[in-house]
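# Secondary and tertiary structure notes
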Amino acid sequence: MKQPLFTGTGVALVTPFRKETVDFTKLEALIDHIITSGVDYIVALGTTSEAATMTENERSAVQSFIVESVAGRCPIMLGLGGNNTLNITDTIARTNFDGISGILSVTPYYNKPNQRGLLQHYRNIAEVSPVPVFMYNVPGRTGINLSAETTLTLAHECPNIKGIKEASGNLQQVMEILRNRPDGFRVISGDDALTYPMLTLGADGVISVMANALPKEMSDMVRFALKGDLKKALPLHYRMLPLMNAIFEEGNPTGVKALLEIQGLITNILRLPLVKASKPLYNKLAALNNEFRN
């Protein structure tokens, strides 16, 4: 039986760079690597992609390239959010959704709207989007929390809002959403280290940073947990946990890009204001990666 769309392991795809440009050769190789390793879908132009530091032309080129490279092998979710509701709805109207199965829209940042503002923000996006909308709650980045009550109101009220990527770190909030969500509303972990406990509570998968570097292991862990085989899932969770924690020590995607270079998959280049991992973290990641592989 085919699993519902955007269930399982999604990859918050990094963007390999050269000094001033996108490294499309490395990007294509990374896409092939993660798809052949068993991930269920790809998230393009999310936070981990450094989309905030790309020009509009670059974002359009990266989106088109990802769609072409994936070539229908798995669904693609497109990161499309911001703190200007009108700009987002206008962007949706201009976007080519060929090959795109859904959008991931982060809660507005900096403005710090209240819950009534968030309700209207997502209602407007849901009304104009031609593909399913998945909300993204990440208070650590945005400065606001999309409450369980607001999430559930939108889930029940807006047929085109199909799920949420929950990265609040608040399992009480996650449980409230899981307990009262409508049928078919997906709850997706946005925190690699909390994915296993969220899956045991009834979540539907993860949008994972770690899966850039450990796509097979992350996909296997999620797949086992979704099937109820916790005896196989739990050891994988604990095996990956040191690397999961380490890649976020100096922010994202700083750690995972260093790890991907250590694995020989990309060149470790970030765009300011992000900078490369410190030498101590780089060496720690190299040692953990070696330990993991052996």
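Structural notes, computed from the coordinates. As the structure is a prediction and not an experimental result, all values here were calculated from the model.

Each value, and the rule that gives it
Residue positions are given per chain, counted from 1 along the sequence in the order it is written. It should be noted that, the model being predicted, local features are given only for residues of pLDDT at least 70 and side-chain atom pairs only at 80 or more, the latter also being counted only at that level, while totals for whole chains, interfaces and linings use all residues. Processing note: side-chain calculations cover all non-hydrogen atoms of the structure and skip hydrogens and water entirely. We count a stretch as a helix when DSSP gives it H or I for four or more residues in a row; a strand needs E for two or more, and each element gets its number in order from the N terminus. Two things to know: the radius of gyration comes from C-alpha atoms, and the globule rule equals 2.2 Å times the number of residues to the power 0.38. Partly exposed residues are those whose accessible area sits between 20% and 50% of the maximum for their type, while under 20% is buried and over 50% is exposed, using a 1.4 Å probe and protein chains only. It only takes one pair of heavy atoms within 4.5 Å for two residues to be counted as in contact. Throughout, the Shrake-Rupley method with a 1.4 Å probe supplies accessible areas, and for residues the shown protein chains are the sole cover considered. This count recognises Lys and Arg as positive and Asp and Glu as negative, with His and chain-terminal groups excluded. In this description, the location of a charge corresponds to atom NZ of lysine, CZ of arginine, CG of aspartate or CD of glutamate. Pairing between strands is defined by DSSP: at least two bridges between the two strands are required. Whether a crossover is right-handed depends on one test, that the path from the first strand over the helix to the second runs clockwise when the strands point away from the viewer. In this scheme Phe, Tyr and Trp rings, the latter by its six-membered ring, pair at centre separations within 6.5 Å, and the angle between planes marks the pair as stacked below 30 degrees, edge-to-face above 60, and tilted otherwise.

What follows deals with the overall build of the protein chain. A count of helices and strands for the protein chain gives 12 helices and eight strands. In terms of C-alpha radius of gyration, the protein chain reaches 18 Å, essentially the compact-globule figure of 19 Å for 294 residues. Each of the 294 residues in the protein chain was classed as buried or not, and the buried ones make up 53%. Of the contacts made within the protein chain by residues no fewer than 6 positions apart, 71% connect residues no fewer than 24 positions apart. Surface accessibility of the protein chain: about 13,000 Å² in total, with carbon and sulfur atoms responsible for 51%. One finds the centroid of the 28 positive side-chain charges in the protein chain at a distance of 3 Å from the centroid of its 27 negative side-chain charges.

The next point concerns the pairing of strand 3 (residues 76-79). Both faces of strand 3 are covered, namely the face carrying Ile76 and Leu78 and the face carrying Met77 and Gly79. Sheet topology note: the strand 2 (residues 41-44)/strand 3 ladder contains three bridges and is parallel. Looking across to strand 3, one finds that Ile42 is bridged to Ile76. Where the polypeptide runs from strand 2 across helix 2 (residues 56-70) and back to strand 3, its parallel neighbour, the crossover connection is right-handed.

Applying the stated criterion to the full structure yields three aromatic pairs. Geometrically, the ring pair formed by Phe6 and Tyr41 is edge-to-face, given 4.9 Å between the ring centres and 75° between the ring planes. Here Phe6 is found in the segment before strand 1 (8-12), whereas its partner Tyr41 is found in strand 2, with 35 residues between them in sequence. As far as the burial class goes, Phe6 and Tyr41 line up, both buried.

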